[in-house]
Amino acid sequence: MAYDFKAIEAKWQERWEKARLHTPDLAGARNPYYNLMMFPYPSAEGLHIGNLYSFISVDCHGRYMRQKGFDVFEPIGFDAFGMHSENHALKTGQHPRVLTPKCIANFTRQLKSAALMLDWTRAVDTTDPEYYRWTQWIFLKLYEKGLAYEKEAPVTWCPACQTVLADEQAEGGVCERCETPVEKRNLRQWFFKITAYAEKLLSGLDGIDWSEITKSAQRNWIGKSEGAEVLFETPAGPLTVFTTRPDTLFGATYMVLAPEHPLAGKLATPEQKTAVAEYAKRAAAMSALEREKGDRKKTGVDTGALAVNPVTGQKIPIWVADYVLSGYGTGAIMAVPAHDERDHEFAKAFGLPIVEVIQPEKNVPGCYSGEGTMIHSGSYDGLSSIEARKRIVADLEKKGLAKFRVHYRLRDWCISRQRYWGPPIPAVRCAKCGTVAVPEKDLPVRLPEMPDIRPDGSGKSPLARLQAFVKTVCPKCKGTAERETDVSDNFFDSAWYFLRYLSPADTERIFDPALAQKWLPVDHYIGGNEHAVLHLMYVRFLTMALKEIGVLHFDNPFKRFRVNGMITRDGAKMSKSKGNVVSPDEYVDKYGADVLRTYLMFMGPVADGGDFSDRSIHGVAKFLERVHRIFTEKPIVDRPVVGDARTLMHRSMKRVEEGFERLSYNVSIAQLMEWANDLADWTKITREELSVFARLLASFAPHLADELYEKVGDAKFVLQAPWPAWDPKLAVGDTVEIAVQVNGKLRGTVSIPAEADEAAAFSAARGLPKVAEVLAGAPLKKQVYVKGRLVNFVSG
RNA sequence: GCCGAAGUGGUGGAAUGGCAGACACGCCGGUUUCAAAAACCGGUACCCGCAAGGGUGUGAGGGUUCGACUCCCUCCUUCGGCACCA
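Residues numbered from 1 in each chain as written. Chains lettered and ligands numbered in written order. Predicted model: local features only at pLDDT ≥ 70, side-chain atom pairs only at ≥ 80, totals over all residues. Heavy atoms only, no water.

Asks: Could you give me a rundown of the protein's contact with RNA strand B, with the residues and numbers involved?
Replies: For RNA strand B, the set of nearby residues contains 54 residues, the closest of which are T244, K298, Y323, R342 and R409. Atoms of RNA strand B within 4 Å of the protein: sugar and phosphate make up 61%, bases the balance. In this structure, a sugar or linking oxygen belonging to RNA strand B sits 2.4 Å away from a main-chain N or O atom of T244. Between E737 and RNA strand B, the recorded distance is 2.9 Å, taken from a backbone N or O atom to a base nitrogen. Per-class residue counts for the surface near RNA strand B are 20 nonpolar, 14 polar and 20 charged. (Near = heavy atom within 4 Å. Polar contact = N/O pair within 3.5 Å; in protein donor to acceptor, adjacent residues only side chain to side chain. Nonpolar A, V, L, I, M, F, W, Y, C, P; charged D, E, K, R; others polar.)

Rendered as structure tokens:
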């Protein structure tokens, strides 16, 4: 009988759906397990194979846990707001309100064809007012708590997209969407105070079971540095700098202010005023890309003013230079050219004095920035730099001139977007009352219909053109007021979606607290590491904030997070321009979902991803055909499995399970192949082998597994059958072949009973002619026996 | 530069202190075919050798151990994150 995957897959998908097999009873579940996959953005291009790879990794884990007896909840939804949709709409002229439902329908079809164990009854869509009502609600909660605030700030602006971007969306100084170099603009923006949680976000990483690569990216992004703030007297008053090396204070021979520093203009002497102003103007005109390029020649200008070094009492010049950034620390530094590369380069360029205050252990050429012994530092001479660091700050602290201080690289999260396709930020501006939040009862603030959503370069959202939307009444004084016209960042929508899955239809609450208590935090989450510092940081922040607000009962949203690798084609990242995009539809059609799933999981460990190859998928197709043939063409007999067949069966159960535990499904599948290769040689198959094989295969090839399991005859779906339990004793045969080494070198193998004792093993090993021969020359010093593994004779 | 991950056949990878290369792709040979494709069977780390056999081998070099792909140290390379961040 041929392997008719189309008929088999259609048959089982229909039966599963009829049985509502993938819709757990959230309230009644006894053994809840929340198995989450990343929130897909439903693009017009359809489901990307990389997305599918990630989802199948999640699904295989979910099916495994289901067989292990858990009530697995595996939800899905659509992250359909955002610039990506909007840009696509602007390019093709299709309104996102029209396009989005079509894209969602197509995604739904594709996801269903891949047989993911999804609970479709709880799907969410971020563009649904009943979803973004709660996005806006969270905004209100944060606002009440002081965690959402407005400020006029220099923000990253993409001139092509005509909107501001988060820092994370403009890495390297270019817009992540269109790669246009970004600019700085001063705009009134809404921010979430993620920096209030900087330390908690950092320390929280230590105890959580997340992929190391993700935690490392987050640590770097938070960028903690410990040091001190030190006060320098200047003609314009005290000037605070931040330094991580207060031990080098005696070597501070000048100071530098960022061009944007408020004191820069004030400090400049009459002769230098023009030069300083011009320098600041030039710095402001520079794009972020130019400014942040690290290998530029140092430039700067002297303010003419002098500051007093608090430890030496010496007067030192104050310069303005763009190598000091206004956004970090205090925007001003003390320069120690002897022990800081950048200060060194600057001092050389402008002829400023260099004083060494740290003696390295071994003399090194150039500028030394390591630890060492204090010199030229008054009473601190002779101390280690590490010790001196503490004492200098402590001593200055008594005089009120310094204090220990920690700074973070992390910036507050700018959520304002001057675009159309997002949830309106629920706030109004009243001439009398200022900014007023929309009351909870008036949510959602609906995104109005608007045929022309093009940005107009005014720096305002297209919504600002819609007077019917803008004009409103102040919730406080009932006077006329104007609505906020910015919409919120797409990352905000996706920072809480996993909460809504619990209660997607609840119109009264964001979710049912009883269900949250039962199902949260999420047990298992898999996704690409491109979200390490965006999505995953925002979710952690929001979870912590919602806990403080009293909405959630935990700090860490995801108990276990694992990254999945990337799927490439011919070694290259897939892209439309390269024409190497793999369409899941094509392969589901040609081979079926079971083959595509099994192939993707066979490529390697989930963390590594892999390179998609038509040849290799064909090999996997042959494997499933073979499995189908073995179990449908050979007679199934009721008799116990014994001997080597039993050993292989138990070893297979063991190794398949080990693969599941490590997300190395490739090992599980390889073991099934090995087992199948052996079964193919037998004339009959036992019912037990059929039952075990089907259950082990179920995650990868769920349709075929059910087709085979049906023959077992216990009237269950394979997912409802328990995970096969293996016996460690039976996973080893009665006799084992062990290695025989002499001085660590393999000299042969010998078969002995698995339970053989040392003496028996040694005598069997010595019986090998080759071993006896090699051993003859020298006296035996030692002999090692590792049960079931090897014997090693150590001689002469 | 700092932080993190990883280096194993022609390729993807397996083995995390005990027989390196499981399993698969590819390649070679065979069966089948008018032929090709497909399918099936066998072989396939490298070097020497007709063979039996011997030797070498997990990025490089040291170390620990009876025994190291695995643990430790130094270095190299690749990938990811951060980066004029004081």
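Asks: Just give me the short version of the pattern of salt bridges, but keep the residues and values in it.
Replies: Going through the model one piece at a time under the given rule, you end up with 44 salt bridges. R63 is the salt-bridge partner of D59, the closest N and O atoms lying 2.9 Å from each other. In this pair, D59 and R63 are both assigned in helix α2 (residues 49-67), 4 residues apart and thus about one turn of the helix distant. The pair D59 / R63 is uniform in exposure class, with both members buried. Here D506 makes a salt bridge to R509, at a shortest N to O gap of 3.1 Å. Among the charged side chains, a network of salt bridges with common partners joins K11, R15, E707 and E710. (Salt bridge = Lys/Arg side-chain N within 4 Å of Asp/Glu carboxyl O. Helix = DSSP H or I, 4+ residues; strand = E, 2+ residues; numbered from the N terminus. Buried < 20%, exposed > 50% of the residue type's maximum accessible area, 1.4 Å probe, protein only.)

Asks: Describe the sheet that holds strand β28 (residues 572-573), listing the residues and the values that go with them.
Replies: Across the sheet, 3 strands lie side by side as β28-β27-β29; this open sheet has mixed pairing. Only two strands of the sheet have a single neighbouring strand rather than two, namely β28 and β29 (610-612). Two strands pair when backbone bridges link them, and strand β27 (residues 567-569) and β29 are joined in this way by 3 bridges, in the parallel orientation. Across the sheet, T568 pairs through a bridge with D611, a residue of β29. (Pairing = 2+ DSSP bridges.)

Asks: Pulling in residues and values, what's your account of the domain arrangement of chain A?
Replies: Taken as a whole, chain A is organised into domain 1 (136-193 + 412-490), domain 2 (225-407) and domain 3 (735-795). Placing the centre of domain 2 and that of domain 3 at their C-alpha centroids yields a distance of 70 Å. (Domains from an automatic or database assignment.)

Asks: Which residues make up the pairing of strand β14 (residues 332-335), and what are the values?
Replies: A regular strand places its side chains on the two faces of the sheet in alternate fashion. The two faces of β14 match: A332 and M334 on one face and I333 and A335 on the other face are all buried. As judged from the 4 bridges shared by strand β11 (residues 254-257) and β14, these two strands associate in the antiparallel manner. Opposite L257, over in β14, you have A332 as the bridge partner.

Asks: Account for helix α11 (residues 341-350), naming residues and giving values.
Replies: Taken together, the buried positions of α11 are occupied by D343, H344, F346 and A347. For α11, the angular spread of the buried residues around the axis is 165°, confining them to a single face. Away from the buried face of α11 by more than 90 degrees, exposed residues K348 and A349 are located. The inward-facing, buried residues of α11 abut β11, β13 (315-320) and β14. Trailing α11 by a residue or two, G351 shows a phi angle of about 65°, which is positive. (Arc of directions from axis to C-beta. Contact = heavy atoms within 4.5 Å.)

Asks: Give me helix α24 (residues 702-709): which residues, what numbers.
Replies: Since there are 3.6 residues in each turn of an α-helix, residues three or four apart along the chain are aligned in direction. Of all the 8 residues making up α24, 8 are buried; the element is thus mostly covered by neighbouring parts of the structure. For α24, the set of buried residues is P702, H703, L704, A705, D706, E707, L708 and Y709. Elements in contact with the buried residues of α24: α1 (5-18), α2, α19 (593-602), α20 (614-633) and α23 (687-697).

Asks: Now, about the packing of aromatic side chains: what can you tell me, with residues and values included?
Replies: The way to describe two aromatic rings as a pair is by their centre distance and the angle between their planes. As enumerated under the stated definition, the model contains 52 aromatic pairs in all. Consider the rings of W319 and F346, whose centres lie 5.6 Å apart with planes at 90°: the pair is edge-to-face. Here W319, found in strand β13, pairs with F346, found in helix α11; they are 27 residues apart in sequence, far enough to count as distant. Take W319 and F346: they sit in the same class, and that class is buried. With 5.4 Å between their ring centres and 80° between their planes, F660 and W723 make a pair best called edge-to-face. Of the two residues, F660 is situated in helix α21 (residues 643-661) and W723 in the loop between α24 and β32 (735-742); the sequence distance between them amounts to 63 residues. Note on W723: relative accessible area 9%, which makes it buried. Here a set of aromatic residues connected by ring pairs shows up, and it is made of F139, Y143, W190, F192, Y197, W413, F491, F492, Y538 and F541. (Phe/Tyr/Trp six-rings, centres within 6.5 Å; stacked < 30°, edge-to-face > 60°.)

Asks: Residue-level account of the state of the cysteines, with values.
Replies: Taken as a whole and judged by the stated rule, the model has 0 disulfides. The cysteine C474 is free of any disulfide, with C430 supplying the nearest cysteine sulfur at 3.7 Å. (Disulfide = S-S within 2.5 Å.)

Asks: How would you sum up the environment of S488? Please name residues and give values.
Replies: Among the secondary structure elements, S488 is positioned in strand β24 (residues 487-488). Overall, the relative accessible area of 7% leaves S488 in the buried class. Each C-alpha atom of the pair S488 and R417 lies 5.7 Å from the other, and the pair is 71 residues apart in sequence. Not counting chain neighbours up to four residues away, the residues in contact with S488 comprise I415, R417, P423 and I425.

Asks: Please provide a residue-by-residue account of the side chain of R569, values included.
Replies: One can find R569 in strand β27. If sequence neighbours within four positions are ignored, R569 has contacts with M574, N580, V582, Y587, D611, F612 and D614.

Asks: Which residues make up the sheet that holds β32, and what are the values?
Replies: The sheet built from 4 strands is open, its strands ordered β33-β32-β35-β34 with mixed pairing. For this open sheet the edge positions go to β33 (745-753) and β34 (780-786), each flanked by a neighbour on one side alone. Averaged over all pairs of adjacent strands, the angle between strand axes in this sheet comes to 20°, irrespective of strand direction. Here β32 runs beside β33; their pairing, made up of 8 bridges, is antiparallel. Each bridged residue has a counterpart across the sheet, and for E737 the counterpart in β33 is S751. Set on the sheet, helix α25 (residues 758-766) makes contact with β32, β33, β34 and β35 (790-795); between it and β34 the angle comes to about 115°. (Axes fitted to C-alpha atoms, helices over the stretch in contact; angles between N-to-C directions.)

Asks: Just give me the short version of the packing of α19 against α24, but keep the residues and values in it.
Replies: Running from amino to carboxyl end, α19 crosses α24 at an angle of 115°, the nearest separation of the two axes being 7 Å. When α19 is examined against α24, the residues A593, D594 and R597 are found in contact with a partner set consisting of P702, H703 and L704.

Asks: Go over unusual backbone geometry, please, and point to the residues and values.
Replies: Only a minority of non-glycine residues have a phi that is not negative, and only a minority of peptide bonds are not trans. With an omega of -5°, the peptide bond running from L443 to P444 counts as cis. Here P444 lies in the loop between β21 (434-437) and α13 (467-470). In this structure, the amide linkage connecting L520 to the following residue, P521, adopts the cis form with an omega of -5°. One can find P521 in the loop between α16 (513-519) and β25 (522-528).

Asks: Would you mind going over the nonpolar core in detail, with residue names and values included?
Replies: Soluble globular proteins: nonpolar side chains tend toward being buried together. Of all hydrophobic cores here, the largest spans 87 residues; its most connected members are F612 and F693. The greatest single-element share of this core, amounting to 9 residues, is contributed by α2. Membership of the second largest hydrophobic core comes to 85 residues, among which are L502, L515, W519 and F541. (Core = buried A, V, L, I, M, F, W, Y, C linked by side-chain atoms within 4.5 Å.)

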